[in-house]
Amino acid sequence: MPTFPRSAITAVGCAVLLASLTACGSSSSAKPISAPVGPASGTITWYANQFGPTSTDVRKTLIAAFEKANPKIKVKLEQAPSDSDAYRSTLTTQISGGSSSFDVYNGDVVWPAQFGKAGLAEPLSGKLPSSYWKTFSPGLVDGLTYKGKIMAAPLFTDNAFLYYRKDLLAKAHLPVPTTWEQVQSDAQKLQKAGLVKYGYSAQWDSYEGLTCDYSEFAADAGGSVVNTAGTKSEIDSAASQKALTYMRGLITSGVAPRAITTFQEQQSEQLFTSGQSAFLRNWTYAYSDANSPAASKVAGKIGIANLPTFAGQSGHGYSVTGGWNLYVNPHSKHLGADLAFVKWITSPAAQKIMALKGGEIPTVSSVLQDPGVQAANPAFRVAASNKLISRPSQVAEYSQVSQGVYGNVNAALSGSTSPKSALAAANKTISAAVSNNGL
């Protein structure tokens, strides 16, 4: 997995590493094993990598609160690998081999279709009531569904935001832009006035982060990478052409540096925190970084807003969802207790703990809308009104889809091919990947 700063690593599951699914023992013919629902009692093992601040393990806080609320269930915490590739490989090997050594496990947001197809997760949609799934922020559950079955529960999420220089906009008497066209024109005004070197920074290297960035632009233009069922490529469209042409235009106009085609999270943030760009697209953690005097030359001058959309579209722009989910091992012998744990840890009480003590964006809508929670972090307030979309992770062969997106989009942004040719090439790769989805 690419190396991302802190919680950014949870935001963008790495497609390149996900390509190892078949090699790790999965099979397109594998079918989920439906575990019998037993009593909500006993001892279960939660296999989880650490999240939240390194100074305090919020997982232990959650376990203590859960056991107090559910005295008949004990939870054993088993440390999972911090490296996403190693973690995923371990899960695949153990579960496909029939292991029941752990019951509930954390998993990336781009795993549901892959794990569902390979039989690596117990479907949850028929085991938890429909009212439960309605508690989550709009857009989250859609990304967890494979062939009509919900494969995981949203543990915590990450969103993308537009970061901007409040001081520069004030000097130029400009409002916070709400459209991408405004971002470009405002950036050019700031550059022409000599207030900043570059106008915009983001993650446009040829890697998973670009799949996220491009998916947002495409959605804002009214397009998508694949259809809802994940059975047809839709990337070669007029909407996609508009999105990619705009992105390329930011480079050719000088608003974005040509080096943006090599930027991942760290490089894009560094350009912004060094005072060289007016706008930045990045994840939740960037707000804290940009406002830290020890790490940023522009601390105290940073604003945060929803991503813009294209002119003529309603509302804000779209943010791709990142984060991690809770999955249940299909071989678990404690399904009743597993479900009780999953349901509690995604309850308002637990989500508030994760927000206030762990710094994670809550997945439960009522918690995210809570004024007390929003007051704890400006990003939470903005996230409460974000429009969320998932990456095309409803396709079991997600790695090929993502590579088809970021490889060809990066080629167009770099100028080695035209947007039209890049989208045609991406369409060919993605069509081949989705042709066997679910088979």
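Residues numbered from 1 in each chain as written. Predicted model: local features only at pLDDT ≥ 70, side-chain atom pairs only at ≥ 80, totals over all residues. Heavy atoms only, no water.

The strand order across the open sheet formed by four strands is E8-E9-E7-E10, and the pairing between neighbours is mixed. The sheet is open, and its two edges are formed by strand E8 (198–201) and strand E10 (302–305), each paired on a single side. Averaged over all adjacent pairs, the angle separating strand axes in this sheet is 20°, with direction ignored. The pairing of strand E7 (residues 160–165) with E10 spans four bridges and is classified as antiparallel. Directly across from Leu162, in E10, lies its bridge partner Ala305. Those strands touched by helix H8 (residues 180–192) are E8 and strand E9 (277–283), and its axis lies near 145° from that of E8. Relative to the sheet, helix H11 (residues 265–273) contacts E7, E8, E9 and E10, its axis offset from that of E9 by approximately 150°. (Pairing = 2+ DSSP bridges. Helix = DSSP H or I, 4+ residues; strand = E, 2+ residues; numbered from the N terminus. Axes fitted to C-alpha atoms, helices over the stretch in contact; angles between N-to-C directions. Contact = heavy atoms within 4.5 Å.)

It is worth spelling out the nonpolar core at this point. In terms of nonpolar packing, the biggest core is built from 136 residues, with Trp46, Leu62, Tyr105, Tyr200, Trp204 and Tyr214 touching the most fellow members. When residues in this core are grouped by element, the largest group, eight residues, is from helix H13 (residues 335–345). (Core = buried A, V, L, I, M, F, W, Y, C linked by side-chain atoms within 4.5 Å. Buried < 20%, exposed > 50% of the residue type's maximum accessible area, 1.4 Å probe, protein only.)

Turning to its location among the elements, Asp158 is positioned in strand E6 (residues 153–158). We note that Asp158 is buried and unpaired, the nearest opposite charge coming from Arg281 at a distance of 8.3 Å. (Lys, Arg positive; Asp, Glu negative; His and termini not counted. Salt bridge = Lys/Arg side-chain N within 4 Å of Asp/Glu carboxyl O.)

So, on to the pattern of salt bridges. Where charged atoms from two side chains of opposite charge approach closely, those side chains can pair. For the coordinates displayed, the defined rule picks out eight salt bridges. One salt bridge connects Arg281 with Asp213, and the closest N-O pair in it is separated by 3.3 Å. With Arg281 in strand E9 and Asp213 in helix H9 (residues 208–220), this residue pair connects regions lying 68 residues apart in the sequence. With relative accessibility at 1%, the residue Asp213 sits in the buried group. Among the salt bridges present, the one from Asp370 reaches Lys352, with a minimum N-O distance of 3.1 Å. Here Lys352 lies in helix H14 (residues 348–356) and Asp370 lies in the loop between helix H15 (365–368) and helix H16 (371–376), a separation of 18 residues in the sequence.

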